[in-house]
Amino acid sequence: MTFNILSILPILVLAGFGMIVLLVDVLSSRKLGGKNFLAYISLIGIITAAILTKNSTSTTLFSFSETIIIDNYSLFFNFIFLLSTGLIIMISHSYIKREEINYGEYYALILFSTIGMMLMASGADLLNIYIGLEVMSISIYILTGFKRSKLISNEASLKYFLLGAFATGFLLFGISIIYGTTGTINLNQIACFIAEKGGKSDPLMLMGMGLIIIGLGFKVASVPFHAWVPDVYEGAPTAVTAFMSVGPKAAGFAVFLRIFLTAFGSIHYEWQKIIYILAILTMTTGNIIAIAQVNIKRMLAYSSIAHAGYLLIALVADNNMGVSGTLFYVLSYTFMNIGAFAIVIILSQKGDEFIQINDYAGLGLKHPLLAIAMSIFMLSMAGVPPTAGFVGKFYIFSAAIKSGYIGLAIIGVINAVISVYYYLRIMVIMYMKEPSREFSPLTISPLIIAAIVISVIGTLQLGIFPSKVMEMAQQSILILK
Amino acid sequence: MLNTVALVLLFPLIGTIINGLIGKNLRKETVGCIACGAIGLSFLVSIVVFFGLLRFPPDARLFEKTLFSWIESGSFKAAFALQVDPLSSLMILIVTGVGFLIHIYSIGYMHNDKGYHRYFCYMNLFTFSMLLLVLSNNFLLMFIGWEAVGLCSYLLIGFWFEKKSASNAAKKAFVVNRVGDFGFALGIMLIFLTFHTIDFTEVFSSVSNEGFHAGSFTITLITLLLFMGATGKSAQIPLYTWLPDAMEGPTPVSALIHAATMVTAGVYMIARCNVLYVLSPFTMTVVASIGAATALFAATIGLVQNDIKRVLAYSTISQLGYMFLACGVGAFTAGIFHLMTHAFFKALLFLGSGSVIHALSGEQDMRKMGGLRHQIPITYKTFLIGTVAIAGIPPFAGFFSKDEILLESLTRGNFIYWSIASLAALFTAFYMFRLLFMTFHGKSRVDHHAAEHLHESPKNMTLPLTILAGLSFVGGFLGIPGASAINNFLAPVFSSHIHTEMSGIHTGSQHGEGHPYLMMVISTAIAIAGISLAYQMYIKKPDLPKRLSERFHIFYKLLLNKYYIDEIYDVLFVNTTKKGSVLLWKYIDAGMIDGSVNGIARLVGWFSNVFRLLQTGYVRNYAFYIVVGCIFIIVLTILGK
């Protein structure tokens, strides 16, 4: 029964900075210049929160009547959220100016959304997790439609909102059924309740669990709850697409693992078969449909579905290696995915033109450094050593094998092979095709270049020297059972 | 002081990176300074390391420095670690010292070339690779250097890649070397399988501890495989054919390949693995026989060649044969000693020939030279010293090292080795002086166009020549019989192992019974005989060679065409491989493999196009999918028990 306000200090700091951004936006003059500070204010907020996160205690700590849990697991995830948000702000800075959507709310919404993710990762009961999820989602619904003069952006926003509300309904329904059958929403107490029953589980409670899978499956874009992804990713402003392809997905997995490995850990045989099938469906659908895409944002959308499938494998594996593998994979995915989107942003023109894959023809000669960076990200997504993506896949597949799911690991590897086709196609087009258009001068700002450099370094660093981060990930696994 | 050894590698690497990345935008002077400075600094550090090593007592002269652990997988460990011992410290001195002079020379030689920065980038990388090769403390790292040397030789031989012959020569060098590398790689794998380590020190100590006896089959196999690698890199029968073609590169590159780097790698490797080699009398016989055969074989080809660089190329092959002969009879010190003196005089001869070619605006045919000694006096004098040194006239460097090999081949080997080596020595003296006389003496046959531009080379080219000439003169004194400094210095590497008694091969260095002074007289007499023969044929009676070649037309043709070995290889290996690979390509690869792969790809692509139709864009359909998923999950949870 503690109310340790310091335990959520990073979240509070971030909230404070979000409001400062709003205030500065209102108070600064309408002329150009004032808004340029907003990105830097947000970055300072992110860095402050990251430093506070790093200095947080490493022992498990409950606060606010056991609704908030601070452990290495949540700290690791919070660090990933802050990193991804920081990179997103860096790539947004020039993008929203170019697209003429340079409103201060943009940064505030991104910060608020990050708060939601951090709450999700630190949530110790279902309701708190739900609140975090809604804070995150509502901010992103708005961000998706941020290009309010564009029809496609509006459409994406509305679709996302409608389907999101629909899916949230399942989640809430599931939570209420769980509460009804177990009498608690606290994850540990749910686990205790199930343990007392001695493995015999109430069908109604299992249904609640199934409904939670649907709600979370929607957030992490698992097939068949994925259908919103391509349309929304395509319609949203590219920087927002990058944002929602990393942070919310990571948050979804943070919650997925926490709920199912702690609360439902003792009845894993009940949910593993469901996740098993979802994992196969998600990987295969994502990878196969990605092949036919001609728009790079849609291709990356399907690729992100496929990556969710790989991460579900780690959930099925249900062992420590799977959890640390997930942490590692999400971190490396942050680098490579945001890096790829940053390059999409640099190469596209106002109004999101030139985002067809064929527009990348001849890039290798025209902008060799960008092409090399893009190649590194693509190789990493395909899982080619010595990149982060390879190590991440390696850990996840090893975790599956360790738990005896050899068939699942084989399907995962086959999927990785299929994915090589569309990732490498980008490289082929960049280097071996004659350019089909004139490359107009690019809008390059120091911030976005810095983001790409950080992403490249991160991707290679994790790929060549993975042991240090892996060690941290191993210390951050959930303390199970 | 020994801790600085990593800098030996670092400087050339930095030079490579700077010139490779931004060399294009730098002024030529800067590019040259960076490249030469890198090797020069590396040379200074090598000196520091060398004297650092000397401060230790001879038995303790082994220093290993691990820079970082590189690969660790199960029991397999490979560290990025360097090893300094008498052998490697001597090698880095030779590589950086001679390399430095060649770099200086290149500034003058290449000053008009448009690929200036590219040239120096490759040269630094070449030196770096060779240093990595000799400094590594395990087989894998050595292999990396070994392969990198091969790569750089490819880049440099094909430096003027617009010329068809140059790019062909580069390809040939690379492919022929691959054949040897294959054996080397297999050898390393077998070493790991046998000893469970690839670290030099551990492998060599476990050889003695685990009691491998002389003639053990595994050791014989390992040493033969390693030797296969050596024949490729060091241009021995049967893999020597790339070296004569390698002169397509710029002349200083030839000097670097022939003298300081690359070809000496094989000799170094065998000397490094002497502990393994002495355990296998069979391999030792193979090494000695191939060495002796190559020495004679290449020397005979050298007798009739007309291209100045080609003569030198065959002489390199022949001299390398001597080194292998020395190693093969167990006289590793003699081999390394000859490697060193050869580095001096062969670098000198190649750079000197470069100076001649430079003076004649690119002419390489000796039949269009003659009488040049007055026009390019410095080149002539230094070249003369180099020629005398390789011919084996005391007290020049080549005399001592070659004499020691001849002596050892008799005392440790047998009379056949000695007589082959002596015959080769006779030929060497003959063809080298033939080269000298045809180029610098007699009547000028230079065509008038080139004669107008005839000039001595600039200072930065003649200075390295002078220094190398000095070294070719005094280098031999390090190994005077009876008071051999190099012998004592290298002794810890070659004689610290016990197995010599068992294998019946002596690795120590006693001179004793062979009447060294008598041998000296004999070998000097042989050299003088060769020289006077050349004098008779090319100065006294210039029409004699022509008459002889008409008289012994078949032999002459055979030698001039290098025994048709290239043509035989073409028929036997190159063409059959080509035909075989066309078959594999058309039927196996394009037909079966591509067919099935493309079939699967087409199937997946078809699925892809079908499934994407599910993406209708209507929210109602998407919600419907969610409901389907929901029903499926609920059915699975409640009913699926």
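First, a word on scope: everything that follows refers to the structure included in this document. Please read all numbers here as calculations on a predicted model, not as lab measurements. Throughout this description, residue numbers start from 1 for each chain and increase along the sequence as written. For this description, chains carry letters from A and ligands carry numbers from 1, given in the order in which they are written. Selection of residues for local features in this predicted model requires a pLDDT of at least 70, selection of side-chain atom pairs for listing and counting requires 80 or more, and totals for whole chains, interfaces and linings are taken over all residues. Heavy atoms from the whole structure form the basis of all side-chain values; hydrogens and water molecules are not counted.

Considering the overall build of chain B
So, step 1. Within chain B, the secondary structure is distributed over 27 helices and 2 strands.
So, step 2. Each of the 641 residues in chain B was classed as buried or not, and the buried ones make up 56%.
So, step 3. What makes two residues a contact is simply this: any of their non-hydrogen atoms within 4.5 Å. By sequence separation, contacts in chain B at least 24 residues apart represent 82% of the contacts at least 6 residues apart. Helical segments are the DSSP runs of H or I of at least four residues, strand segments are the runs of E of at least two, and each set is numbered from the N terminus. Summary of the burial criterion: residues with accessible area below 20% of their type's maximum are buried, those above 50% are exposed, and those between are partly exposed, where the area comes from a 1.4 Å probe applied to protein chains only.

A short note on helix H10 (residues 238-263) of chain A
Residue and element names in this part refer to chain A.
So, step 1. By this rule, a helix spans an expected 1.5 Å times one less than how many residues it contains. Across its 26 residues, H10 extends 37 Å between first and last C-alpha, which sits within 8% of the 38 Å expected from 1.5 Å per residue.
So, step 2. In H10, a bend of some 30° at methionine 244 exceeds every other bend along the element, and proline 248, a proline, comes one to four places later.
So, step 3. Where burial is concerned, most of H10 is hidden: 26 out of the 26 residues are buried. Bend at a residue means the angle formed by two fitted axes: the first through the 7 residues ending at that position, the second through the 7 residues beginning there.

Describing the pattern of salt bridges
So, step 1. Salt bridge criterion: a side-chain nitrogen from Lys or Arg within 4 Å of a carboxyl oxygen from Asp or Glu. All chains considered together, the criterion is met by 19 salt bridges over all chains.
So, step 2. Measuring nitrogen to oxygen at the nearest pair gives 3.6 Å for the salt bridge that ties Lys147(A) to Glu99(A). Here Glu99(A) lies in the loop between helix H3 (72-98) and helix H4 (105-122) and Lys147(A) lies in the loop between helix H5 (126-144) and helix H6 (151-182), a separation of 48 residues in the sequence. Taken individually, Lys147(A) and Glu99(A) each receive the classification buried, so the pair is uniform in this respect.
So, step 3. Among the salt bridges present, the one from Glu550(B) reaches Lys546(B), with a minimum N-O distance of 3.8 Å. Pair noted here: Glu550(B) and Lys546(B) are both in helix H24 (residues 544-551), with a separation of 4 residues, about one helical turn. Lys546(B) matches Glu550(B) in its accessibility class, with the two residues each being exposed.
So, step 4. Members of the salt-bridge network, linked through shared partners, are Glu155(A), Lys159(A), Asp231(A), Glu234(A) and Arg298(A).

Describing the nonpolar core
So, step 1. Grouped together as the largest cluster of nonpolar side chains are 198 residues, with contacts concentrated most on Phe77(A), Ile259(A), Phe260(A) and Phe264(A).
So, step 2. Considering each element in turn, this core owes the most residues, 19 residues, to helix H13 (residues 320-347) of chain A.
So, step 3. Counting 182 residues, the second-largest nonpolar core is a separate cluster that includes Ala35(B), Met130(B), Ala246(B) and Tyr538(B). Joining through side-chain atoms within 4.5 Å is the link that ties buried Ala, Val, Leu, Ile, Met, Phe, Trp, Tyr and Cys residues into a set, and such a set is a nonpolar core.

What to know about the state of the cysteines
Residues and elements named next belong to chain B.
So, step 1. Note on disulfides: each one is a pair of cysteine sulfur atoms within 2.5 Å. Using the criterion set out here, one finds 0 disulfides over all chains in the structure.
So, step 2. Among the cysteines around cysteine 121, which has no disulfide bond, cysteine 152 carries the closest sulfur, lying 8.6 Å off.
So, step 3. A relative accessible area of 12% places cysteine 121 in the buried class.

Some words on the packing of aromatic side chains
So, step 1. Stacked, tilted and edge-to-face pairs are distinguished by plane angle, under 30 degrees for stacked and over 60 for edge-to-face with tilted covering the rest, among Phe, Tyr and Trp rings (Trp via its six-membered ring) whose centres lie within 6.5 Å. Across all of its chains, the model carries 53 aromatic pairs over all chains by this definition.
So, step 2. Aromatic side chains Tyr240(B) and Phe297(B) sit 5.6 Å apart centroid to centroid with 75° between the ring planes, which places their arrangement in the edge-to-face category. Placement of the pair is Tyr240(B) in the loop between helix H8 (217-233) and helix H9 (242-245) and Phe297(B) in helix H13 (residues 281-302), with a sequence separation of 57 residues.
So, step 3. Both rings, one in Phe473(B) and one in Phe477(B), keep their centres 6.4 Å apart while their planes meet at 85°; by these two values the pair is edge-to-face.
So, step 4. Note on Phe477(B): relative accessible area 35%, which makes it partly exposed.
So, step 5. Three or more aromatic residues joined by ring pairs form one cluster here, namely Tyr141(A), Tyr160(A), Phe161(A), Phe218(A), Trp228(A) and Tyr233(A).
So, step 6. Just above the ring of Tyr116(B) sits the side chain of Lys28(B); from NZ or CZ to the centre is 5.1 Å. Two conditions define a charge sitting above a ring: the NZ of Lys or the CZ of Arg must be within 6 Å of the ring centre, and it must be within 35 degrees of the ring normal.

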